[in-house]
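Residues per chain, in single letters:
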Amino acid sequence: MPLLKVQDLFVTSTENSTYLLKGISFSLNHGEILGVLGESGSGKSLTALSVLGLLPANLKITSGEIIFDGKELLSLSFQELQKIRGKKISIIFQDPLSTLNPVLTVGDQLKEILYYHLGLKGPSAQDLVIKTLREVGIPDPELRLKNYPHELSGGLRQRVMIAMSILCSPKLLIADEPTTALDLTIQMQIIELLRRLNSKLGLSILFITHDLGVLRWLAHRILVYYQGQIVEAAPTEKIFTKPCHPYTQLLFSSYPGREKSPVVVQKHEEKPSKEGCEFWSRCAVACERGLKEKPSLIEIDHDHLIRCFLYD
Ligand SMILES: Nc1ncnc2c1ncn2[C@@H]1O[C@H](COP(=O)(O)OP(=O)(O)OP(=O)(O)O)[C@@H](O)[C@H]1O
Ligand SMILES: [Mg+2]
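For clarity, every value in this text was computed on a predicted model and none was experimentally measured. (Residues numbered from 1 in each chain as written. Chains lettered and ligands numbered in written order. Predicted model: local features only at pLDDT ≥ 70, side-chain atom pairs only at ≥ 80, totals over all residues. Heavy atoms only, no water.)

### Comments concerning the site of ligand 1
- Taken together, 14 residues sit near ligand 1, with Ser40, Gly41, Lys44, Ser45 and Asn58 positioned nearest.
- In the model, an oxygen atom of ligand 1 is placed 2.7 Å from a nitrogen or oxygen of the Lys44 side chain.
- Protein contact buries 64% of the 630 Å² of open area that ligand 1 shows by itself.
- Broken down by element, the shell around ligand 1 gets its largest block of residues, three residues, from helix 1 (residues 44-52).
- Across the shell around ligand 1, the residue classes break down as four nonpolar, seven polar and three charged. (Near = heavy atom within 4 Å. Polar contact = N/O pair within 3.5 Å; in protein donor to acceptor, adjacent residues only side chain to side chain. Areas by Shrake-Rupley, 256 points an atom, 1.4 Å probe, with all protein chains shown as cover. Helix = DSSP H or I, 4+ residues; strand = E, 2+ residues; numbered from the N terminus. Nonpolar A, V, L, I, M, F, W, Y, C, P; charged D, E, K, R; others polar.)

Shown next, in the form of structure tokens:
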């Protein structure tokens, strides 16, 4: 059984009933790092927020299932979900300052989490906090405990975030562009840290990014999003060596080290109907069938799924 299974998830806006996620399905296995790729607005963050039960108030899940560790999350109450969040599933965002509490020291914030989820306090909490700060590569953790978030550099703050997120030994870490705001070298250190936590602690990670290079290094498998749907899913090496969906090919055509791909975005005269393929108007190999029919996600090879009529 996978650790996380999302099945046919639809998310819509309550204001104009447009669908923002249109049937997202994927599994994340125990110990796996699953990368999520796709342009801005394609629904990557909404997927993460759905799993955490943290969708903005004007959005709602209209159908689908989210099964985590054998439990259907969508049927849980707010309190039940609250217990899972931060303990069994944790998240790190791009900007630690928006998540860290500015008026509490690093040590107090970490201890608060331990008390809330595990009922730990006193010296045993202190010890675990120091051990975790050390684990994420923060030098002199005994001193850092006393710092407020603004007193730390961006890289250290992101490490504190990671320390917070692994404090209760979660099974799943959701990382939504955790390194985008950092310098390249710090970025690589954080990625290396996540990789080590994965191999050492078996931490499963859902890693959302725009950065192909990071994913190649980090992810075992990759999902490619386009407009609220998954258009391709495959093991990382397969996606890098043989991207199949015309959109994935387009994404990878600018990846350094790849030969410039012959894929050219065409301007089509015709417009697909509402029932047509979402990618049609940007597709280099747009087909007749896509004008009035939507492709479904099919398996073209072991563990390799594509949403495209070319492979149907
Ligand atoms: N609260 C909201 N109300 C209405 N629409 C929203 C809301 N939040 C997100 N959206 C829309 O849902 C779509 C998916 O958003 P999402 O944040 O998941 O994109 P993303 O793939 O994470 O993009 P990025 O790479 O820029 O972070 C976008 O079109 C966005 O405008
Ligand atoms: Mg996002």
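Further notes follow.
### Let's talk about unusual backbone geometry
- Positive phi, normally seen in glycine, also occurs at Asp69, with a value near 50°.
- With respect to the helices and strands, the residue Asp69 is situated in the loop between strand 4 (59-68) and strand 5 (71-72).
- By relative accessible area, which is 28% here, Asp69 ends up partly exposed.
- One non-glycine residue, Asp140, lies in the positive phi region at around 50°.
- Inspection of the secondary structure puts Asp140 in the loop between helix 5 (122-135) and helix 6 (141-144). (Buried < 20%, exposed > 50% of the residue type's maximum accessible area, 1.4 Å probe, protein only.)

### Quick notes on the sheet that holds strand 11 (residues 298-301)
- What the eight strands build is an open sheet, ordered 6-7-8-3-9-10-12-11; its pairing is mixed. The sheet is open, and its two borders are formed by strand 6 (89-92) and strand 11, each paired with just one other strand. Recorded for the sheet is a direction-independent mean angle of 25° between the axes of neighbouring strands.
- Here strand 6 runs beside strand 7 (residues 172-176); their pairing, made up of four bridges, is parallel. (Pairing = 2+ DSSP bridges. Axes fitted to C-alpha atoms, helices over the stretch in contact; angles between N-to-C directions.)

### Some points on the nonpolar core
- In terms of nonpolar packing, the biggest core is built from 57 residues, with Leu133, Ile162, Leu194, Phe207 and Ile222 touching the most fellow members.
- The greatest single-element share of this core, amounting to seven residues, is contributed by helix 7 (residues 154-166).
- Shared between two domains, this core holds at least three residues of each, these being domain 1 (4-224) and domain 2 (243-311).
- With residues up to four places along the chain from it excluded, the contact list for Ile222 reads Leu34, Gly35, Leu37, Leu215, Glu232, Ala233, Ala234, Thr236, Ile239 and Phe240.
- With 34 residues, the next largest nonpolar core counts Leu4, Leu81, Ile174 and Leu223 among its residues. (Core = buried A, V, L, I, M, F, W, Y, C linked by side-chain atoms within 4.5 Å. Domains from an automatic or database assignment. Contact = heavy atoms within 4.5 Å.)

### Observations concerning the domain arrangement of the chain
- What the domain assignment lists for the chain is domain 1 (4-224) and domain 2 (243-311).
- Each of domain 1 and domain 2 has a C-alpha centre, and these two points are 31 Å apart.
- When domain 1 packs against domain 2, close to 810 Å² is buried across both sides, 59% of that on carbon and sulfur atoms.
- Linking domain 1 to domain 2 there are two salt bridges.
- A salt bridge links Arg282 to Glu39; the shortest N-O distance between them is 3.0 Å.
- Breaking the side of domain 1 that touches domain 2 down by element, the ones donating at least two residues are strand 2 (19-28), helix 9 (212-218) and strand 9 (221-226).
- The greatest single-element share of the side of domain 1 that touches domain 2, amounting to three residues, is contributed by helix 9.
- Looking at the side of domain 1 that touches domain 2, its residues break down into three nonpolar, three polar and four charged. (Buried area = accessible area lost by both parts, 1.4 Å probe. Salt bridge = Lys/Arg side-chain N within 4 Å of Asp/Glu carboxyl O.)

### Observations concerning the pattern of salt bridges
- On inspection of all chains with the given rule, the structure shows 13 salt bridges.
- For the salt bridge of Glu192 with Arg195, the shortest nitrogen-to-oxygen distance reads 3.8 Å. In this pair, Glu192 and Arg195 both sit in helix 8 (residues 184-201), three residues apart, roughly one turn of the helix.
- Among the residues examined, Arg195 registers a relative accessible area of 30% and is labelled partly exposed.

### Considering the packing of helix 4 (residues 106-118) against helix 7
- Running from N to C, helix 4 and helix 7 point in directions that differ by 20°, and their axes come no closer than 9 Å. On the basis of their axis angle, the class for helix 4 and helix 7 is roughly parallel. When you trace helix 4 past helix 7, the crossing you get is right-handed. Together, Val106, Gln109, Leu110 and Ile113 of helix 4 and Val160, Ala163 and Met164 of helix 7 make up the contact between the two elements.
- Its residues assigned to classes, the contact of helix 4 with helix 7 shows six nonpolar, one polar and no charged. (Parallel < 35°, antiparallel > 145°, perpendicular 65-115°, else oblique. Left-handed = near helix turned anticlockwise from the far one by under 90°.)

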